Amino acid sequence: MSKESTLTQVQKESIKIEKFIFHIIIVENDEPTHLDEVDLTDAQKLFFKDRIAEVAEGTQYTFIDKSHNTLATLCKNLNIDNSNFVDNSKTICNDFKSHHGGTTTDGAFIVSTFSMLNTDEEEITLIALLKMDQKKVLEYELENTDEGRKAIMREIADSFIESKDAVQKVAIIDISDTFAWDILAKERKKTEGIAEYFKKFLNAQMRDTSSGLTKRTVSEVSKWSKVHANLIKEIPEYTERTSDYASYFKSRAISFMNSNEGITFDADNFIKHLFSLDELTQESKNKINTLQTKMQDHLTNTGIYGQVFIPKPNSIPKTISRTKKRTEEGVVIEWQGNPEDKGISITTLQDQRRQITITTADLKDLE
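All of the points below concern the structure found in this document. (Residues numbered from 1 in each chain as written. Predicted model: local features only at pLDDT ≥ 70, side-chain atom pairs only at ≥ 80, totals over all residues. Heavy atoms only, no water.)

## Notes on the packing of helix α9 (residues 245–259) against helix α10 (residues 267–275)
So, point 1. The N-to-C vectors of α9 and α10 enclose an angle of 135°; their axes lie 9 Å apart at closest approach. Judged by the inter-axis angle, α9 sits oblique to α10. In terms of crossing hand, the pair formed by α9 and α10 is right-handed. Facing α9, whose interface residues are F249, R252, A253, S255, F256 and M257, α10 presents N269, F270, H273, L274 and F275.
So, point 2. Across the contact of α9 with α10, the residue classes break down as 7 nonpolar, 3 polar and 1 charged. (Axes fitted to C-alpha atoms, helices over the stretch in contact; angles between N-to-C directions. Helix = DSSP H or I, 4+ residues; strand = E, 2+ residues; numbered from the N terminus. Parallel < 35°, antiparallel > 145°, perpendicular 65-115°, else oblique. Left-handed = near helix turned anticlockwise from the far one by under 90°. Contact = heavy atoms within 4.5 Å. Nonpolar A, V, L, I, M, F, W, Y, C, P; charged D, E, K, R; others polar.)

Below you can see the structure in the form of structure tokens.
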């Protein structure tokens, strides 16, 4: 069975917090303050479920030498029984603090096991690790006095805020061997990847590079376009613009990468860009909505949708950016971009032969 690549919306919605503990990290203390039990309300479980689900749009990592990776072993042991869970969580927290240097802050280190459905709707267990900021919170009470309503302020020193902005770091670890990755990780204020010390704590490496993901995304768009050519040609607004759907959508993908160089890749915006047209009939809009869903499914199945990376358009080689075709008679045609923009038109005749028309201002001998 092929491994799953990304978390689907259905999977994210199926997340259930099972075991949960946190330990307190104070910068000036050599060791964390360990807890033995934490009770969560339903609302708090929902909050942490949402934080875990958000890391689905994180960076994928694999363990370095997984069979000898201490964290991987500890995470597997978390799911044995409750006492084992607490003891192993303390060890994981200690190791995290030992790796943390530089501009560290006080906070809570959370370890949780959670269940989720795989694509066959079977329940699997994964591990979540989160580091949250510790903040001073002001509490107030209202009191009616002769002068009017008065607020009495009180500072709560030991607390962390139930806010997504308080989450510094989060990692999901797959102990079920369901996914193509071992770890999904995300860090606040990082457009790509995670801090070096966090990566060393995980003892992990990126599963894909930004350059590799850029090239693969463009290639998958081209493959998808060839498979769904019969659906695309039902939309007249596309048939008016191009005679080769694969090269048209590939050029749209490349233009997105060029215009978003240095910006974190957003799969939803990417899909919108691919299919964007100025004027559409309602019927065409409905058909495009179907195509967008199919594209999202394809990018999910190929492990691209949900990935966090910075587009690197200069990494796209000519073997990917160009379109190259050979006729039955051995004539080779090669171009980059939409064929119509290069003066090329390809039509299908009634007898299913292809007619290729090239309009040019000049024709040079290469040999």
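Moving on, there is more to tell.
## Regarding helix α11 (residues 282–301)
So, point 1. Compared with an ideal rise of 1.5 Å per residue, which puts 20 residues at 28 Å, α11 spans 29 Å between its outermost C-alpha atoms and is within 8% of the ideal.
So, point 2. Along α11, the residues that are buried comprise S284, I288, L291, M295, L299 and T300.
So, point 3. Considering only its buried residues, α11 is in contact with α6 (210–227), α7 (229–232), α8 (236–239) and α10.
So, point 4. Of the residues flanking the end of α11, it is G303, one or two places downstream, whose phi is positive at about 75°. (Expected span 1.5 Å × (residues − 1). Buried < 20%, exposed > 50% of the residue type's maximum accessible area, 1.4 Å probe, protein only.)

## Quick notes on the side chain of E220
So, point 1. Turning to its location among the elements, E220 is positioned in helix α6.
So, point 2. Its relative accessible area of 11% is what places E220 among the buried residues.
So, point 3. For E220, the residues in contact, after removing those within four places along its chain, are H298, T302 and I304.

## Structural notes on the pattern of salt bridges
Pairs can form between side chains of opposite charge once their charged atoms are near each other.
So, point 1. A full pass over the atoms with the stated rule returns 15 salt bridges.
So, point 2. When the shortest N-O distance is used, the salt bridge between K66 and D182 registers 3.0 Å. Within this pair, whereas K66 is found in the loop between β2 (59–63) and α3 (70–77), its partner D182 is found in the loop between β7 (167–174) and β8 (183–187), the two being separated by 116 residues in sequence.
So, point 3. According to the relative accessible area criterion, K66 is partly exposed, its value standing at 27%.
So, point 4. Owing to a relative accessible area of 10%, D182 belongs among the buried residues under this scheme.
So, point 5. When the shortest N-O distance is used, the salt bridge between R322 and E334 registers 3.5 Å. Of this pair, R322 sits in strand β10 (residues 322–326) while E334 sits in strand β11 (residues 332–336), and the two are 12 residues apart along the sequence.
So, point 6. The partly exposed category is assigned to R322, whose relative accessible area is 24%. (Salt bridge = Lys/Arg side-chain N within 4 Å of Asp/Glu carboxyl O.)

## Observations regarding the pairing of β10
So, point 1. Two strands pair when backbone bridges link them, and β10 and β11 are joined in this way by 5 bridges, in the antiparallel orientation. From the neighbouring strand, T323 faces β11, where its bridge partner is W335.
So, point 2. With antiparallel pairing between neighbouring strands as the criterion, β10 and β11 make up a hairpin whose turn holds 5 residues, including G330 at a positive phi of roughly 90°. (Pairing = 2+ DSSP bridges.)

## Some details on the sheet that holds β7
So, point 1. In space, the 7 strands of this open sheet follow the order β1-β3-β4-β7-β8-β2-β9, with antiparallel pairing throughout. Strands with a single pairing partner mark the edges of an open sheet, and in this sheet they are β1 (16–25) and β9 (204–206). This sheet shows a mean twist of 25° between the axes of neighbouring strands, independent of strand direction.
So, point 2. The pairing of strand β3 (residues 107–117) with strand β4 (residues 123–133) spans 11 bridges and is antiparallel. Looking at β4, one finds that S115 is bridged to T125.

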